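Given next are the chains, with one letter for each unit.
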Amino acid sequence: MDQSLGKDYPQEILPEENHLRDYWQVIMKYRWTMLTIFIIIVMTVAVNTFKMTPIYKATAKIQIEKQNPKILSIEEVVSFNDRDDSYYQTQYKILESRPLAKAVINELDLKHHWGFIDNEKKRVFTVKIKGYLNNLFNFFSPSSKPLIAQTNPSLSLSLEERKKRRESLLIDFFLDNVQIEPVRKTELVNINFLSKDPDLARKIANTIAEQYIQRNLNLKHEAALEANNWLNHHIGELKKKLETSEEALHTYKERNKIVSLEEKQNIIVQKLSDLSSAVTEAKKKSIGLETLYKQIKGFNSNKEAIESLPAVINNSLIQGLKIEYISLVGAYNSESKKYGPKHLHIVKIASRIKTLEKRIASEVKKIINSIKIDYEVALAQEKVLLQALEEQKKEALELNKKAIKYNVLKRDTESNKQMFEVVLTRHKETDLTRGLKTTNVRIIERAEVPKNPVKPNIKSNLIQAALAGLFIGVIFAFFLEYLDNTIKTPEDAKRYLGIPFLGPVPHFNSSKQKEVSSPELITLHKPKSHTSEAYKGLRTNILFSFPDNKPKTILVTSSNPMEGKTITSVNLAVTMAQSGAKVVLIDCDMRKPRLHHILKLPNDKGVSSLIIGQNSLKEVLQEGPIQNLSVIPCGHRPPNPSELLASPNLKKILDELKIHYDLILIDSPPVVPITDSVIISRLVDGVILVLQGGATSRDVIIRGRDLLLNANAHIIGTIINNIDLTKRSYYHYYQYYQYYYYQYYGDNKESSKKRRKKKDPIISDTSDT
């Protein structure tokens, strides 16, 4: 693989579209958190539900008919639209109004009823507590001085004001327990009342219906009384206005000699219509004759053009003469050749032809004269008709002027008459109906004592609590997942880093392996474990990353400390050496070297002394735990590691080691806090970035990747270290390792079955890397 590929990695990778399995993995990841939230919510709701006082609901059913007022005509006062439900909405609000509530409270004397007062006291207590808390808050606020005297408002109120305040709280509590439920597509309305006393709920529901009906009766009686008084007052005025308007109309008709204005108007309108039609016809006729006459005058002495006129062509006499003329002309032409033009017979024919020509010309002239006369007659007739039409228009306008005043007087008379008749009729009706106690509201079904409480609804509360617990648990799980910005899966590594994923390293617990000298070397002590197989897979992926030329120098680093890069370097070196390659492992972490601790090697000389020339390469090389593996420890920690690693001597050392070894593995410090790894990355064939799954922030990892890319380093890929294969995110890896382990390392089928029943080997091998 070309090292220049490292330059082409994207700096920012956009997240891919999530799939349903991603959401499922989040749910399974936080399933215990979700279950805890679910149980807490359900148990809290269940305890409070069973501790609640039972509440009963009584229902009275009434019918509200839409009535039209009978005080005045419906068209004159108000018009109800059957599709408009504003009337019913108004009635529903009246049923929930404070005056009606006060009437019910007074009717049943609820302010002295123990079942009602007990609940009302609780509300008053709650209101007082809120008032005290509010005053306490105002006392400590910057603007508290004017409010100090109001810390106990009830002390500053008079007895009457305290009664009004208590009455207001009583009405508020009453209305809180009233429920008005219209029955859809009917005139029926359910009046519900909630109370812990079932009998009291029944009484209040029925009383609300009764008081509502009584209120309607009172309103109707008051309206009828007011209307009757108004009608009595206005009847005399309307009668006098009617007499005055009738007298004015009669006087106007006598003065203008009007008997039947409508009939006269119809005659004049008909005359105007007839004259207008006649004028139009006359104009059409005169225009046609004028056009024909001007056309004839334009022909002048053009005989053929004049004879082509329709009036000439259609004349039967001229047609007959022309037929005879054509016959003689034909005979003359044929016989003159035979007898000659001076023959007596030919002379007679010629004389007859001339006579016919004169007669035809005479007849054409007569037709032209008749057209002229017709044109002059049409003009005269049009003039006469126009004059008659103008005279008739004047007469119509004069009549219209009279009709305007006449119609005003007539409409005024008719309006006064109609108003007088309406008021007189309504006056008689109100006198008859004033004593009737009828209403458009009826009680269809009186409330009965409820047998079962409506609150608490145990089943509904528990179902809602379960749904709420499930919903809140899921939301909380996804919120936690949103806050978690670490790299956890291979998909995360590819998505956010944009570099190849080399493989996972399972979690193993080295502290439990006290029987071995170097418990971190799991590839050496437990070559058949899942973790060892993971390192072997990494070895294969690393070598396949260079299909043309095998890498000679590889740098192992991480973004942050404590991500397992040193243990990864050691186990990768052991795995590479087990494959038969000569490997040298170099500890270039001069800040916090660990290779000599893991491999139990002396650290008195190493890379630091080799770079400054204090020791030779042969002196610092030490034998590793297995064949083909050599180790160069860090040596004494220098005061200036970065400057030491940046010296040309390090490149010379690496070039010399390339001659004697197949692979050079370099363990280096973290790349983000320290620049040592960036310096070394320019000298190697590839860099492996180790990250701890679910622990390191994406931003830190991306920062480390960018530092390496900016140094033109070739990043071979990333390794996710310290992962739990039993988690659902790595379930496919877990299945693979399970199958591989039992397929190749199980003794037989029976032993494989026994191992499946035991604790998973991954858990028994797990440790911090």
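We now turn to the structure provided with this report. (Residues numbered from 1 in each chain as written. Predicted model: local features only at pLDDT ≥ 70, side-chain atom pairs only at ≥ 80, totals over all residues. Heavy atoms only, no water.)

Another aspect to go through is the side chain of H596. As for its position among the elements, H596 is in helix α20 (residues 595-599). Relative accessible area serves as the criterion here: at 12%, H596 is assigned to the buried category. At 3.1 Å, the side chain of H596 and the side chain of H597 are in polar contact. Sequence-distant contacts of H596, that is, excluding residues within four places in its chain, are made with L601, P602, N603 and P633. (Helix = DSSP H or I, 4+ residues; strand = E, 2+ residues; numbered from the N terminus. Buried < 20%, exposed > 50% of the residue type's maximum accessible area, 1.4 Å probe, protein only. Polar contact = N/O pair within 3.5 Å; in protein donor to acceptor, adjacent residues only side chain to side chain. Contact = heavy atoms within 4.5 Å.)

Right, let's talk about the environment of A466 for a bit. Position of A466 relative to the elements: it lies in helix α15 (residues 458-483). A466 sits 427 residues away from I39 along the chain, and the two C-alpha atoms are 8.4 Å apart. Among all residues touching A466, those that are not within four sequence positions of it are F38 and V42.

Right, let's talk about the packing of aromatic side chains for a bit. Here the structure, examined in full by the defined rule, presents four aromatic pairs. Between the aromatic rings of Y87 and Y88, the centroid separation amounts to 5.5 Å while the plane-to-plane angle is 75°, which identifies the pairing as edge-to-face. Here Y87 matches Y88 in class, with each residue buried. When the ring of F174 is compared with that of F193, the centres are 5.2 Å apart and the planes differ by 40°; the resulting orientation is tilted. Linking F174 in helix α8 (residues 159-176) with F193 in strand β3 (residues 188-195), this pair joins segments that are 19 residues apart in sequence. Take F174 and F193: they sit in the same class, and that class is buried. Feature note: the residues Y87, Y88 and Y92 constitute an aromatic cluster, connected by ring pairs. Here R698 stacks its cationic end above the ring of Y496, 4.2 Å away from the centre of that ring. (Phe/Tyr/Trp six-rings, centres within 6.5 Å; stacked < 30°, edge-to-face > 60°. Lys NZ or Arg CZ within 6 Å of the ring centre and 35° of its normal.)

Let us look at the sheet that holds strand β10 (residues 663-667). Reading across from one edge, β5-β12-β11-β6-β10-β7-β9-β8 is the order of the eight strands in this open sheet, with mixed pairing throughout. At either margin of the open sheet sits one strand with a lone partner, and together these are β5 (501-506) and β8 (622-623). Pairing between strand β11 (residues 686-692) and strand β12 (residues 715-723): six bridges, direction parallel. Within β12, the position partnered with L689 by the bridge is T718. Each of β6 (553-558), β7 (583-587), β9 (629-632), β10, β11 and β12 touches helix α19 (residues 565-578); the most contacted strand, β10, lies at about 165° to it. (Pairing = 2+ DSSP bridges. Axes fitted to C-alpha atoms, helices over the stretch in contact; angles between N-to-C directions.)

Among the eight residues that make up helix α16 (residues 490-497), six are buried, leaving the element largely enclosed by the rest of the structure. Positive backbone phi, at 70°, marks G498, one or two positions downstream of α16.

A few words on helix α2 (residues 31-51). Its 21 residues place the ends of α2 30 Å apart at the C-alpha level, agreeing with the 30 Å of an ideal helix rising 1.5 Å per residue. The set of residues buried in α2 consists of M34, I37, I41, V42, A46 and T49. Buried residues of α2 fall within an arc of 155° about the axis and therefore sit on the same side. Facing away from the buried side of α2 by over 90 degrees, the exposed positions are W32, F50 and K51. Summarising the contacts, the buried residues of α2 are in contact with α1 (20-29) and α15. (Expected span 1.5 Å × (residues − 1). Arc of directions from axis to C-beta.)

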